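So you can see what is in the structure, the chains are spelled out below.
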Amino acid sequence: MNPLPNLADHDSVRAAFPGLRDGIYLNVGTYGIMPEPALTAFLALVEEYETFGLFCSSDIGQKVEATRETVAALLSCSATAIAFTGNATDGTNLVLAGLTWRAGDEVIITNEEHEAIVHPLLYLQCKRQIRIHRVSVSPDADVMRARCAAVASPRTRLLAFSHVTCESGTRLPAAAMCEWAAENRILSLVDGAQSLGVIPTQVRDLGCDFYTGNGHKWLLGPKGTGIFYAAPDALQQLSPAHVGAGSLEVADFASGTADLWSSGRRFEYGTRATTLIAGLDCSIGWLARLGWEQIETHIRHLSSYLKARIQERPYLRLLTPPAFDHAAGLTTFAMEGWEAGELSRELMRRAGMCVRVIPHYNGIRIATACFNNEADIDTLLAILDAIADS
Ligand SMILES: Cc1ncc(COP(=O)(O)O)c(C=O)c1O
């Protein structure tokens, strides 16, 4: 039997990721990889459920509810506030499609939002003639409040932004921004795709109306798992564009009644990917055993180590705020004289190293996860040094 993973004995953590034998994985910010024990439990459940269907001895519905409790504990909210979706983008769409828009309504986002926010908004702009304002990112709360205030108007309905941006990896002052939005009667949506599983995320402390995240990045869960939170008052403002079996608390054909559940269940209709959700619980459980604080400390250490090494090299330009409290697990840099796509292919060719290209900055993004170590970073820097010298 494998020893219980323990960050103090890092080899025991790495042993849970057989894929690491084939290369250096520095891209959890795009797709996580599942810890083997969680994957084994998840696959066993898929096999059982898909083999035996309703004869299956596991109660899959109960497992979904257990996952909901797990996620609610992670976000420090009530389980009734959580809806499971397929990805983080689904959460954006639940908000945008659930609100009633009039031509001329306005939304504020930042200049570093993922397509998960930008594309649904662009579509809404075409369909409903809303206006989108973009403000530049800064980790400074006063700066972000001032930038939002400078573009806000009485028509501003929503402030939507990433807790940690996917390009420079900047940690935005989410609580201050949500507080500013609430003071101005503007709804707030936080995209936690690059923060959930890295830094503590208590939605009550964030003060957001809506929060969307996914299971497949830093939570190391299966692809196709998304998490959506709506604060109780905000939830009542969403009128789902889609409903079906499971969304309604009261459905009566004779009287024409269709009352939605007052919980996140209103968004969960039809047959769902229940085994994926149960699989997410396996991954979160594995991470929880490592300890969330320990994981954060490990990621803090590795990203600080990486940033220090980048700053020592004049041919590299750090694009992420140096302080961990102004960023999280993502570090982006540019290399003088190199096109980032070409550089990433070179890293793959020389060391089987998987990184992410950030075209906007011609940068390379490194995600330092719980299973990465200093040796991964040393290898990266040794290759960059060799390329710079050649
Ligand atoms: C900040 C951010 N939001 C959203 C997404 C997309 O998430 P999903 O594919 O789960 O919709 C990503 C993916 O890279 C991201 O970095």
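Everything in this summary refers to the structure shown in the same document.

Quick notes on the rules
Residues numbered from 1 in each chain as written. Predicted model: local features only at pLDDT ≥ 70, side-chain atom pairs only at ≥ 80, totals over all residues. Helix = DSSP H or I, 4+ residues; strand = E, 2+ residues; numbered from the N terminus. Rg over C-alpha atoms; globule rule 2.2 N^0.38 Å. Buried ≥ 20, exposed ≤ 12 C-beta atoms within 10 Å, placed from the backbone. Contact = placed C-beta atoms within 7 Å. Axes fitted to C-alpha atoms, helices over the stretch in contact; angles between N-to-C directions. Parallel < 35°, antiparallel > 145°, perpendicular 65-115°, else oblique. Left-handed = near helix turned anticlockwise from the far one by under 90°. Nonpolar A, V, L, I, M, F, W, Y, C, P; charged D, E, K, R; others polar. Expected span 1.5 Å × (residues − 1). Arc of directions from axis to C-beta. Pairing = 2+ DSSP bridges. Right-handed = clockwise from strand over helix to strand, strands pointing away. Core = buried A, V, L, I, M, F, W, Y, C linked by C-beta atoms within 7 Å. Domains from an automatic or database assignment.

## Examining the overall build of the protein
Secondary structure assignment for the protein yields 13 helices and 15 strands. A compact globule built from 390 residues would reach a C-alpha radius of gyration of about 21 Å, and the protein, at 22 Å, matches this within 12%. Taken along its principal axes, the extent of the C-alpha atoms in the protein is 75 × 60 × 30 Å. Classification of the 390 residues of the protein by burial places 45% in the buried group. For the protein, restricting intrachain contacts to residue pairs at least 6 apart in sequence, the fraction spanning at least 24 positions comes to 70%.

## So, the packing of helix α3 (residues 60-75) against helix α10 (residues 274-290)
Direction vectors running N to C along α3 and α10 enclose 45 degrees, while the axes themselves pass 9 Å from each other. Comparing the axis directions of α3 and α10 gives the class oblique. Like other packed secondary-structure pairs, α3 and α10 cross with a definite hand, here left-handed. For the pair α3 and α10, contact is made by Ile60, Lys63, Val64, Ala66, Thr67, Thr70 and Leu74 and by Thr274, Thr275, Ile277, Ala278, Leu280, Asp281 and Ile284, respectively. Here the residues of the contact of α3 with α10 sort into eight nonpolar, four polar and two charged.

## Focus: unusual backbone geometry
Phi is positive for Ser76, close to 60 degrees, though the residue is something other than glycine. Non-glycine residue Leu220 carries a positive phi angle of around 55 degrees. Along the chain, Leu220 turns up in the loop between β7 (210-214) and β8 (226-230). Residue class for Leu220 comes out buried when judged on the 27 C-beta atoms lying within 10 Å of it.

## Brief notes about α3
End to end, α3 covers 23 Å across 16 residues, agreeing with the expected 22 Å (1.5 Å per residue, within 8%). Turning to α3, its buried residues are Val64, Thr67, Arg68, Val71, Leu74 and Leu75. The buried residues of α3 occupy an angular sector of 125 degrees when the element is viewed end-on, so they sit on one face. Facing away from the buried side of α3 by more than 90 degrees, the exposed set consists of Gln62 and Ala73.

## Looking at the pairing of strand β4 (residues 131-135)
Along any regular strand, the residues point their side chains to alternate faces of the sheet. Both strand β3 (residues 106-110) and β4 contribute to a ladder of five bridges, which runs parallel. Across the sheet, the residue bridging to Glu106 is Arg131, located in β4. Following the backbone out of β3, through helix α5 (residues 115-128) and into the adjacent parallel β4, one traces a crossover that is right-handed.

## Some words on the sheet that holds β7
The seven strands are arranged β2-β8-β7-β6-β5-β3-β4 in an open sheet whose pairing can be described as mixed. Only two strands of the sheet have a single neighbouring strand rather than two, namely β2 (82-85) and β4. In this sheet, neighbouring strand axes are inclined to one another by 20 degrees on average, regardless of whether the strands run parallel or antiparallel. Pairing between strand β6 (residues 187-191) and β7: three bridges, direction parallel. Each residue of the ladder has a partner; that of Leu189, found in β7, is Phe210. Along the sheet face, α5 touches β3, β4, β5 (156-162) and β6 and points at about 155 degrees away from the line of β3.

## Focus on the nonpolar core
Met177 and Tyr229 are the most contacted members of the largest nonpolar core, which has 108 residues in total. Here this core takes nine residues from α10, the largest share from any one element. Two domains each provide a minimum of three residues to this core, namely domain 1 (10-30 + 291-382) and domain 2 (43-287). Ignoring anything within four residues of it in the chain, the contact list for Tyr229 reads Leu75, Cys77, Ala81, Ile82, Val203, Phe210 and Tyr211.

## Observations regarding the packing of helix α4 (residues 88-98) against α5
Between α4 and α5, whose axes approach to 9 Å, the crossing angle comes to 30 degrees. α5 is crossed by α4, and the crossing has right-handed handedness. Of the residues in α5, those in contact with Ala88, Thr89, Thr92, Asn93 and Leu96 of α4 are Ala116, Ile117, Pro120, Leu121 and Leu124. Taken together, the residues of the contact of α4 with α5 break down into seven nonpolar, three polar and no charged.

## Observations regarding the environment of Ala245
For Ala245, the location among the structural elements is in the loop between α9 (232-237) and β9 (248-252). A residue is classified by how many C-beta atoms lie within 10 Å of it, and Ala245, with 10 of them, is exposed. Expressed as a C-alpha distance, the spacing of Ala245 and Leu220, which sit 25 residues apart in the sequence, is 30 Å. Not counting chain neighbours up to four residues away, the residues in contact with Ala245 comprise Tyr269 and Gly270.

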